[in-house]
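Structure at a glance
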Amino acid sequence: MDGTNTAEIRMRWLGLVLEALKELDIPVRQTNYYFEGEDIYWSGRDQDVTLGILPPADVDTPPRALVQTSSYLAKKGLGASCVDLNIKTYKAAEPKYHDYWNAGRRDEWADAEQCRKRMETLGIDAAAWADRFLERKAPNIAFYVRRSNMLVTRTVMELIRAKDPARRLIVYGPSAAIEAERDLFPDAVCDYVVTGEAETSLTDLLWALRGNADINTVRGVRWTGKDGHKRDIPREPLMDLSGFPAPDYRELKPQDYGDVLEIRASRGCKYRCAFCAEQPVEGPARYRPAREVFEEMAEAYRVHNTRAFRFTDLIANGNPKQLEELADLLIAARLPVRFEMTFAPTDDMTAELYRKLKAAGCKAIHFGVESLSDRVLEAMNKTYNARVAQRNLADAHDAGVETHVNLIVGFPGEKQEDIYLTMRRLKQSERHIDFVDTISQCQVLPKTKLERQPGR
Ligand code: SF4
């Protein structure tokens, strides 16, 4: 024995081969691989869970909520496969109905009568959809739910439950975290509501369902035990976003969607705007290392020839240092990509950083400006004033970035003079604004400060 083929070396070689088999998606029935703290045992995608998404949702990019979650679960040794019936329905629909997927109209599906009519118009056969999920062998089916698709999802879950009561049904995503929306998924149709993040709470739940942990200790999941006792141990947000595996696009291939890939550099938001329904769901701001975001983009370019990315962070400029590092990496690598982001106007965004972003490939920025009256901005709990917002628009536009603006009208306490002031300042900034993406009446949404303090 010369020390080149020891038990430890053999175990590492075995690990390499197992990793390769996992990459190739070839199930392994048995192995004696074992390393303390590591679990790369892989016995196929159907082993633990089928992740599903139903319409309406984005159609130009594979659903990140599925591809990111499945790759994370695989990293943790859990087998997950993905079923996207949203894209299939969109492609089968006559073009005149494609407006049902328009982002501005998606929440109309949250109205029971509208949802029923749309399903009927599109010829959706919910029973056939239930069968599509039941064809998969996984003992658990987890649906990604948000306001727009929660009613469609519930309909399909009821049918799955009726056809195969043994199949465990799970929901995760924004509607699972919002009390008023998760009430749509009672015990009769849903076994587990994942209120925490998928990477932590869904992972722990699936491990417990495999029998590897005590389910009573799983945090971030609401469920009712056989004794009728409701379990709901809260879970803190995942603070360290480093080390996320690249999304797994082997099942949901980018070429079957549009020419864009969704990407995220952060979770949550450091601001607390009074009308915001998203920050209370996502929690405090957390950022991925810039290098990992860059590597994900570089890999997508290398493997799928992806050249367009949409950052879906609540705001992508919460950490200007991270943003600048990402821009520097993209510039240095000369990656021929273009991307769009959503920003809050802030004092720490400089003209130079906007120029760097343009050089890195930033094509468009969507600014949540909301109003150009300082009084209204203060009432909204915004941390910038109209001067800062106008300066951000000018700097971005002068750098050559397309500027998009969102506006809200009728915030509590807003007066006609505030509306006129906003109109005057829009006129001043006219040449720095390319599009107004949305202008909407103020709405009081669940979980917002406005809902808690309606007198504001
Ligand atoms: S900046 Fe945007 S995401 Fe953050 S709290 Fe305000 S509205 Fe919500």
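Residues numbered from 1 in each chain as written. Predicted model: local features only at pLDDT ≥ 70, side-chain atom pairs only at ≥ 80, totals over all residues.

**A look at the overall build of the protein**
Within the protein one finds 17 helices and 15 strands. Taken over the C-alpha trace, the protein has a radius of gyration of 24 Å; the compact-globule value for 456 residues is 23 Å, and the two agree within 12%. When the 456 residues of the protein are sorted by exposure, 41% land in the buried category. Partitioning the contacts of the protein with sequence separation of at least 6, the portion at a separation of at least 24 is 75%. (Helix = DSSP H or I, 4+ residues; strand = E, 2+ residues; numbered from the N terminus. Rg over C-alpha atoms; globule rule 2.2 N^0.38 Å. Buried ≥ 20, exposed ≤ 12 C-beta atoms within 10 Å, placed from the backbone. Contact = placed C-beta atoms within 7 Å.)

**Side note on the sheet that holds strand β15 (residues 435–441)**
Within the open sheet, the six strands sit side by side as β8-β11-β12-β13-β14-β15. Their pairing is parallel. In the strand order of this sheet, the two ends are held by β8 (260–263) and β15, each with one partner. Strand-to-strand twist of the sheet, defined as the mean angle between neighbouring strand axes without regard to direction, takes the value 15 degrees. As defined by bridge partners, strand β11 (residues 308–311) adjoins strand β12 (residues 338–343) across three bridges and the pair is classed as parallel. Within β12, the position partnered with Ala308 by the bridge is Arg338. Those strands touched by helix α15 (residues 386–398) are β13 (362–370) and β14 (402–409), and its axis lies near 170 degrees from that of β13. (Pairing = 2+ DSSP bridges. Axes fitted to C-alpha atoms, helices over the stretch in contact; angles between N-to-C directions.)

**Quick look at the nonpolar core**
One recurring pattern in soluble globular proteins is that nonpolar side chains are buried together. Grouped together as the largest cluster of nonpolar side chains are 56 residues, with contacts concentrated most on Val171, Tyr172 and Val194. Residues in contact with Tyr172, not counting those within four places in the same chain, are Ala142, Tyr144, Val194, Ala198 and Leu202. Listed in part, the 49 residues of the second largest apolar core include Phe294, Ala316, Tyr354 and Leu393. (Core = buried A, V, L, I, M, F, W, Y, C linked by C-beta atoms within 7 Å.)

**A few points about the sheet that holds strand β1 (residues 49–53)**
The seven strands are arranged β2-β1-β3-β4-β5-β6-β7 in an open sheet whose pairing can be described as mixed. Among the strands making up the open sheet, the edge pair consists of β2 (80–84) and β7 (230–232). Shown here is a sheet whose adjacent strand axes are inclined to one another by a mean of 20 degrees, direction ignored. Where strand β3 (residues 140–144) lies against strand β4 (residues 168–172), five bridges are found, and the strand directions are parallel. Within β4, the residue paired with Asn140 across the bridge is Arg168.

**Concerning the domain arrangement of the protein**
What the domain assignment reports for the protein is domain 1 (1–40), domain 2 (41–232) and domain 3 (259–452). Taken over C-alpha atoms, the centre of domain 1 sits 33 Å from the centre of domain 2. (Domains from an automatic or database assignment.)

**Describing the packing of helix α11 (residues 290–304) against helix α12 (residues 320–333)**
Interhelical geometry of α11 versus α12 gives an angle of 40 degrees and a closest axis separation of 8 Å. One element, α11, and the other, α12, form an angle in the oblique class. For the element pair α11 and α12, the recorded crossing hand is right-handed. Facing α11, whose interface residues are Ala290, Arg291, Val293, Phe294 and Ala298, α12 presents Gln322, Glu325, Leu326, Leu329, Leu330 and Ala333. Class assignment of the residues belonging to the contact of α11 with α12 gives a composition of eight nonpolar, one polar and two charged. (Parallel < 35°, antiparallel > 145°, perpendicular 65-115°, else oblique. Left-handed = near helix turned anticlockwise from the far one by under 90°. Nonpolar A, V, L, I, M, F, W, Y, C, P; charged D, E, K, R; others polar.)

**Looking at the site of the ligand**
Neighbouring the ligand are the residues Cys269, Tyr271, Arg272, Cys273, Cys276, Glu278, Gln279, Leu314, Ile315, Ala344 and Gly368. Taken together, the residues that form the shell around the ligand break down as seven nonpolar, two polar and two charged. (Near = placed C-beta within 6 Å.)

**Focus: the environment of Ser371**
Mapped onto the secondary structure, Ser371 falls in the loop between β13 and α14 (374–379). Classification of Ser371 as buried rests on a count of 25 C-beta atoms within 10 Å. Along the backbone, Ser371 and Glu414 are 43 residues apart, and their C-alpha atoms lie at a distance of 9.9 Å. With residues near it in sequence (within four places) discarded, Ser371 still touches Val376, Leu377, Leu407, Ile408, Phe411, Asp418 and Thr422.

**Quick look at the environment of Pro95**
With respect to the helices, strands and loops of the structure, Pro95 is situated in the loop between α3 (85–92) and α4 (112–121). Each C-alpha atom of the pair Pro95 and Ala166 lies 39 Å from the other, and the pair is 71 residues apart in sequence.

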